Amino acid sequence: MKNSRFGVLAFLGIAVLIAAGLAKFLPRNAAKEAERKALEFVGAEGQKADTAHPRTLERKGFRLEYPSNWKIDEKDEDYDPDRMFSIESPGSAFVMIAMVPVKVDPEEHMKGQIDSFANLMGAKPSVARFETYGRYKGKGASLKGKVLGVPVTVKAFACFAEGATALVVQQVPDEDIGLEKDGLDLIEKSFVLIPKNPPPVP
């Protein structure tokens, strides 16, 4: 994803800069990723998500599982295993996750996502709001429309818990939902934020 380096500085810099720049940076990054994956959709051969043998990703601030035939995009110029990364299917689905150690207004983030994807889709998308992702409550939006002519469903969510703001964006081409749904569900259900200072074990 080709993007302004301001976003990287926002994630790695002073908390004030993070809070100020995040709501604008992530929608741009997610939209760029959506456009790139839509281009890859042409000729891409989808595979059913292998959730029988999941891989585990555990970092200091979070833990999740993902299908064994999906991969983490470590080549992305903005890749940071603790702050922002994408998990991609063999086809054209992806889940982008960003973590920041400050509180960001979830509703402001959702407005940025909706505006960004509406511009990318070139028409007013169908939007449905929701408030739960896995075990967390926050602000979410599901958008249906076309990216470069490919019908897609985008799901975006933001919450603040355990001293951090988690921002999640996922996209899947509508015709591949049957192949990708189990993988998306696995990531959502297994996603856990780890407290900065966990209580001592009795």
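Note that the structure is a prediction, hence the values are computed from the model and not measured.

1. Quick notes on the pairing of strand 9 (residues 164-173)
Taking burial as the measure, the ten residues of strand 9 include ten buried ones, the bulk of the element. Across the two faces of strand 9 the burial is the same, with Ala164, Ala166, Val168, Gln170 and Val172 and Thr165, Leu167, Val169, Gln171 and Pro173 all buried. Inspection of the sheet shows strand 5 (residues 94-100) paired to strand 9 by seven bridges, in the antiparallel sense. For Phe94, the partnering residue across the bridge sits in strand 9 and is Gln171. Alignment of strand 8 (residues 150-161) against strand 9, held across ten bridges, turns out to be antiparallel. Each bridged residue has a counterpart across the sheet, and for Val154 the counterpart in strand 9 is Gln171. Hairpin remark: strand 8 followed by strand 9, antiparallel, with two residues in the connecting loop; positive phi at Glu162, about 55°.

2. Observations regarding the packing of aromatic side chains
Tallied over the entire structure, the rule returns six aromatic pairs. Where Phe62 meets Phe191, the ring centres are 6.4 Å apart and the plane angle is 40°; that geometry is what we call tilted. With Phe62 in strand 2 (residues 62-66) and Phe191 in the loop between helix 4 (177-190) and strand 10 (192-193), the pair connects residues that are 129 residues apart, well separated along the chain. Residue Phe62 is classed as buried on the basis of its relative accessible area of 1%. Every member of this aromatic cluster is reached through a ring pair, and the members are Phe62, Phe85, Phe130, Tyr133, Tyr136, Phe157 and Phe191.

Procedures and definitions
Residues numbered from 1 in each chain as written. Predicted model: local features only at pLDDT ≥ 70, side-chain atom pairs only at ≥ 80, totals over all residues. Heavy atoms only, no water. Buried < 20%, exposed > 50% of the residue type's maximum accessible area, 1.4 Å probe, protein only. Helix = DSSP H or I, 4+ residues; strand = E, 2+ residues; numbered from the N terminus. Pairing = 2+ DSSP bridges. Phe/Tyr/Trp six-rings, centres within 6.5 Å; stacked < 30°, edge-to-face > 60°.

Keep in mind these values describe shape, not function.
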